[in-house]
Amino acid sequence: MKSVAAIAAVLMLQGAIARAQPTQQCSFQSDYPSPVDANGKPIGALVEVDLYSQVGVVLDDVPPAKRADVAEWLLSQATDYWKARAIRQITLAYYRLNFRNYYVSNQGALPLPDPSLWTFAFGTARRAPYVSGKKQSVVDAVFIDYQMQSVILTDYNSPSASTGNRLNKPGDYVTMDFGLPLDPSLLFQRTGRACYDEYGYPRNSIDPGGEAWYFYDDTCTAKSAQPLDSTAFACNYCHCGFPRPTLDCLDALALKEGLVQPTFAFTRLPWSNTVADSYRLPRSGDMPPPVQGGSDLVGFGPDLAKQREIYRYFAPNSCEKNERCIGADGGWRKLIMFNSTDINNGTRDFHVGAIPYVTSGTVPPPIIDHGDYVFDKCHGHYHFEHYGTFSYLDKQGNPAAGDQQKRGFCLIDLIRLANAEWSPMAIKYFDCKYQGITAGWADTYNIGIPCQWKDVTDTPAGNYTLTALVNPDHILCEGSLQCDANDNQIWDDTAFMTCSEGYDPQVCEIAQAARCAPQGTDSNGQPLSWGNNLDAAPSTHRDCGLSYVTDPQSIYGVAQEIGPLRDTEFSFVGTPNLKSDQLRACTPGSSAILKCTVPSTSPTQVVRVCESSVKLGCGTACRYHESLANVIIEPGQTVKVPFTCPAARDGGAFGEYGGAYSLYRAMAFGPDGGRKLPDVSCVP
C-alpha cells in the first residue's frame, strides 16, 4: 500500500491534470433511472417468483440396518430443517439464472433475491423410493413437497430488457426449467464434476468446501470436456479438470441424488410502494446508503466469514509457488480458504471495460491496459495486481501469516445482492473479456480458486482476524469515471510500477488509474467511497492434525450432511500431541491393512485413513475425496481396512518421504449421540 503522502501526491497530480484538461462523466458508465410518482419516489418494477419443488435426504449411503432410525429422525424434523435444505437446492439455480444470456438467446439475467426474502410453504415429509431420470433410477429417500415465493424489486425497464420484452406489463410471465438434486448435499462426493461447469475459471478451482452454486450447471454433459491435446489457456467447456465425469449431470443426479425438475415462474406485478418497501435490500443499517451518480465497492462481510481450513500439497514449481501464494517452495501447507465478495453499492456501474481473456496457447504481451494487467504464464490469463490486500492479524493487530496476496483476474456480475429500484436485473458484465460490476451486483472470488487463501502453516494455532481491503491502491474508480470531450476515458499515472513475472528480459510499466470524480469526500479530502473498503471476520486456526473436517458440526447445520461421504464432524483418533498418533508408520508405497474395532457401546462409526505430513508432523484431516480409505464399522465389529501406504512425494524434495498416516472417525449419523464416545481401535 502506498502512504498517505503518496496518495495525496497522486490526487494533486490528478487535480492539476483535470484543470488542464476539461472532463465530463463517461457516458458508458450506466445508471438505471426509473420514473417517479407525484411524491418524487421512483416507480420501479416488481416481479414475483414462484417455485414448486421437492427436497429430501438420500439414505443410500447409510447402512441399511440404520436407515429406519435415520428416517424416523428426519420425519420428526420441523420445517426449519427442510427450509435450510430447500435454500441450498434453490441456490443451485443461481448460475443459469444469472448467466441466462448464455442459455436463452438475446435475453438476460433473472436473478433471485436474497434468501432472507423467500417465503416457504411445506407439505408432509415421507419416506419412499424416489424414481427419477430417463432411466427411472431409484434412490431411498425421505423427502417433502414445498412452495417458494419471493419478489424481485428492480428498475422500471429491467424486466423487459432481461426477457426480450416478455415482462412489459403486469400479468406478463416467463418460465425457466431446471434439473436440481432432490438431496442438495454431498454433490461433489456423489456425482464428482458431472454438474460442475468450469467454463472461464482457472484450472483446479473446484473444491468441495466451496458453495456448489458457483459452478452448478444442469446442462453439462460428459461430452462437454476439453480435448486432452488442447493447448488453450482458458477452459471453454464444462469439464477441464480431472477426473473427468462419465455421466451427464441429469443422469448422475438421478442415479445418486434423485432428480427434481421444477419450473421457476416469473410474473410482473403492478407497482406498489408497500410491496417494494417489504422486499427492499439492503435494509437501513445493513450497508451504507447507495452512492448516487457513481460506483462504490464495499466488502460483503458474511462471505469473508465463510472459511475452510485445510491441508494441501503443492508440487515443485506449482503456479501457487511461482505466484508466491504459499509461504514455501512446495510441500504440505495449511491454508485458510475463504470467500471474498465485493458489492457495487453505487447507482452507476463500476466499469473496467475490455480485457483480453486468452483462449489460445500463444503467450500474449506481458502487460496491458495501462500497466494494470500482467500476464501469468502459469495460469494462462491476465492478473490485476491491485485487486485486494488480505491480512491475517493476531489479537494485537499484527500480521500473523505471510504476505501472500490474491491476484485478481476477473471482475464481473456474479450475484445480485441488492434488491432495489437502482439495481437492474439485466447485466452487461458477464464475461471476463468485458469487466465491471453492475449497480447492486457483486463479484465473488470463491473458496477453491487458486490463491484464495492465507497460508498459516507457520502460524501458531489460535484465534485471529482475517481482513480484506479491496482496491487498496485506488487504481479502480469508485465514483464517476471521467472522459474527455470525445467520451474517451482519461488515465493518470500513479506511483506504482507493474513488472512482468517469468519474462526475460523483464518488462515494467507505470500503472495508471482511471480518472475518477469521487461522490463526496471526508474531512481530509479523501473520497468517502474509500472508507468502506476494509472488511474483517474472525478466523480460527486449528492445532496440528485438525482442520474444518474435525469441527463438531457441519457448516450447514445439524444432520444437514450425514453418512460416510461427508467431510465434517470427524474426530482425531488418538492423542493429538503424540507424534506416534499423528504419524502412524507403514512401509512407503506398499499395501497395508488395519484391523479396526468399534466398541459395542458405540453407535455405527466411520473410520477415515488420511496421509500424514512427515515434514509438519501432522495428520492432514482429509476430506472424503482425499482419503486413503473410508469405511463404516458397526458396533462390536472388527473390520479389515486396506489402503496403500503413502509413498514419497517428489522424491522427498520437501521432506515428505512417505510412510505415515493418521486416523479420523465420525458417527455415521450425527444425532446418534455426543462426540465423547469410546474411540475406534485400529491396529496393523
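To start, this report covers the structure provided alongside it. What you see is a predicted model; the values in this text were computed from it and never measured.

### Looking at the pairing of strand β5 (residues 137–154)
Thought 1: Extensive coverage of β5 is indicated by the burial of 14 of its 18 residues.
Thought 2: Sheet analysis places strand β2 (residues 45–58) next to β5, joined by 14 bridges and oriented antiparallel. Residue pairing for β5: D50 is matched across the bridge by Q149.
Thought 3: Direction of pairing for strand β3 (residues 119–122) relative to β5: antiparallel, over a ladder of four bridges. From the neighbouring strand, F120 faces β5, where its bridge partner is M148.

### Re the packing of aromatic side chains
Thought 1: Going through the model one piece at a time under the given rule, you end up with 30 aromatic pairs.
Thought 2: Between F99 and Y102, the ring centres sit 6.4 Å apart and the planes meet at 45°, which makes this aromatic pair tilted.
Thought 3: Given the relative accessible area of 8%, F99 is considered buried.
Thought 4: For Y102, a relative accessible area of 40% puts it in the partly exposed group.

### As for the sheet that holds strand β27 (residues 516–517)
Thought 1: With respect to topology, three strands assemble into an open sheet ordered β1-β24-β27, the strand pairing being antiparallel. This sheet does not close on itself; its edge strands, each paired only once, are β1 (24–25) and β27.

### Considerations on helix α2 (residues 64–75)
Thought 1: Taking 1.5 Å per residue as the helical rise, α2 with its twelve residues ought to reach 16 Å, and the 17 Å between its terminal C-alpha atoms agrees with that figure.
Thought 2: Buried residues along α2 sit in contact with β2, α3 (79–91), β4 (126–132) and β5.

### Some points on the side chain of S132
Thought 1: By the secondary structure assignment, S132 is in strand β4.
Thought 2: You can call S132 buried: its relative accessible area is 6%.
Thought 3: Of the polar contacts made by the side chain of S132, one reaches the backbone nitrogen of L259; its length is 2.9 Å.
Thought 4: Ignoring any residue separated from it by four or fewer positions in sequence, one finds S132 in contact with S137, A254, G258 and L259.

### Things to note about the state of the cysteines
Thought 1: Using the criterion set out here, one finds twelve disulfides in the structure.
Thought 2: A sulfur-sulfur distance of 2.1 Å marks the disulfide that ties C499 to C508. Disulfide C499 to C508: torsion about the S-S bond roughly 115°, handedness right-handed.
Thought 3: With relative accessibility at 36%, the residue C508 sits in the partly exposed group.

### Examining the environment of V639
Thought 1: By the secondary structure assignment, V639 is in strand β35 (residues 638–644).
Thought 2: Residue classification places V639 among the buried residues on the basis of a relative accessible area of 19%.
Thought 3: For the pair V639 and I562, spaced 77 residues apart in sequence, the C-alpha to C-alpha distance is 21 Å.
Thought 4: If sequence neighbours within four positions are ignored, V639 has contacts with L594, K595, C596, I632 and I633.

### What to know about the sheet that holds strand β12 (residues 331–338)
Thought 1: Strand order across the open sheet formed by three strands is β11-β12-β22, with antiparallel pairing between neighbours. Of all strands in the sheet, those with a lone pairing partner are β11 (307–314) and β22 (453–455), marking the two edges. Neighbour-to-neighbour, the strand axes of the sheet open up by a mean angle of 30°, direction not taken into account.
Thought 2: Relative to β12, β11 is paired through eight bridges, and the arrangement is antiparallel. Each residue of the ladder has a partner; that of R312, found in β12, is R333.

### Considering the side chain of E561
Thought 1: Its place among the elements puts E561 in the loop between β28 (534–541) and β29 (571–572).
Thought 2: Other than its neighbours up to four places away in sequence, E561 contacts R88, S185, L186, S554, Y556, R566, D567 and E569.

### Some remarks on α3
Thought 1: Its 13 residues place the ends of α3 18 Å apart at the C-alpha level, agreeing with the 18 Å of an ideal helix rising 1.5 Å per residue.
Thought 2: Taken together, the buried positions of α3 are occupied by Y81, W82, R85, A86, R88, Q89, I90 and T91.

### Observations concerning the nonpolar core
Thought 1: Counting residues in each nonpolar core, the largest one holds 107 residues, and the members touching the most others are W82, I90, L112, M148, F264 and F266.
Thought 2: Among residues more than four places away in sequence, those in contact with F264 are V49, D50, L51, I90, A93, L112, M148, V174, T175, M176 and F178.
Thought 3: With 19 residues, the next largest nonpolar core counts C596, V609, V631 and C682 among its residues.

### What about the pattern of salt bridges?
Thought 1: Counting across every chain of the model gives 30 salt bridges.
Thought 2: A salt bridge links D140 to R67; the shortest N-O distance between them is 3.6 Å. Linking D140 in strand β5 with R67 in helix α2, this pair joins segments that are 73 residues apart in sequence.
Thought 3: A salt bridge links R312 to D207, with the nearest nitrogen and oxygen atoms 2.9 Å apart. Residue R312 is found in strand β11, and its partner D207 is found in the loop between α6 (187–191) and α7 (249–256); the two are separated by 105 residues along the sequence. When sorted by exposure, R312 lands in the same class as D207, which is buried.

### A short note on the pairing of strand β36 (residues 660–667)
Thought 1: Among the eight residues in β36, eight count as buried, and that is most of the element.
Thought 2: What you see with β36 is no split at all: A660, S662, Y664 and A666 on one side and Y661, L663, R665 and M667 on the other are buried throughout.
Thought 3: Summarising the sheet, β29 and β36 pair through two bridges and their orientation is antiparallel. Bridging across to β36, S571 finds its partner in R665.
Thought 4: Of the pairings in the sheet, the one linking strand β30 (residues 584–585) to β36 comprises two bridges and is antiparallel in character. The residue bridging A585 from the neighbouring strand is A660, located in β36.
Thought 5: Alignment of strand β32 (residues 605–613) against β36, held across seven bridges, turns out to be antiparallel. Bridge pairing in β36 links R608 to Y664.

### Things to note about unusual backbone geometry
Peptide bonds are trans in most cases, and residues, glycine excluded, mostly fall at negative phi.
Thought 1: For the bond running from F242 to P243, omega is -5°, close enough to zero to count as cis.
Thought 2: Looking at where P243 falls in the secondary structure, it is placed in the loop between α6 and α7.
Thought 3: Residue D504 is joined to P505 through a cis peptide bond whose omega torsion reads 5°.
Thought 4: Summarising the element assignment, P505 is placed in the loop between β25 (491–499) and β26 (508–514).
Thought 5: For N471, which is not a glycine, the phi torsion comes out positive at approximately 55°.
Thought 6: In this fold, N471 is placed in the loop between β23 (462–470) and β24 (480–483).
Thought 7: On the basis of relative accessibility, which here comes to 1%, the residue N471 falls in the buried class.

Here is what the cut-offs are and how they apply
- Residues numbered from 1 in each chain as written.
- Predicted model: local features only at pLDDT ≥ 70, side-chain atom pairs only at ≥ 80, totals over all residues.
- Heavy atoms only, no water.
- Buried < 20%, exposed > 50% of the residue type's maximum accessible area, 1.4 Å probe, protein only.
- Helix = DSSP H or I, 4+ residues; strand = E, 2+ residues; numbered from the N terminus.
- Pairing = 2+ DSSP bridges.
- Phe/Tyr/Trp six-rings, centres within 6.5 Å; stacked < 30°, edge-to-face > 60°.
- Expected span 1.5 Å × (residues − 1).
- Contact = heavy atoms within 4.5 Å.
- Polar contact = N/O pair within 3.5 Å; in protein donor to acceptor, adjacent residues only side chain to side chain.
- Disulfide = S-S within 2.5 Å.
- Axes fitted to C-alpha atoms, helices over the stretch in contact; angles between N-to-C directions.
- Core = buried A, V, L, I, M, F, W, Y, C linked by side-chain atoms within 4.5 Å.
- Salt bridge = Lys/Arg side-chain N within 4 Å of Asp/Glu carboxyl O.

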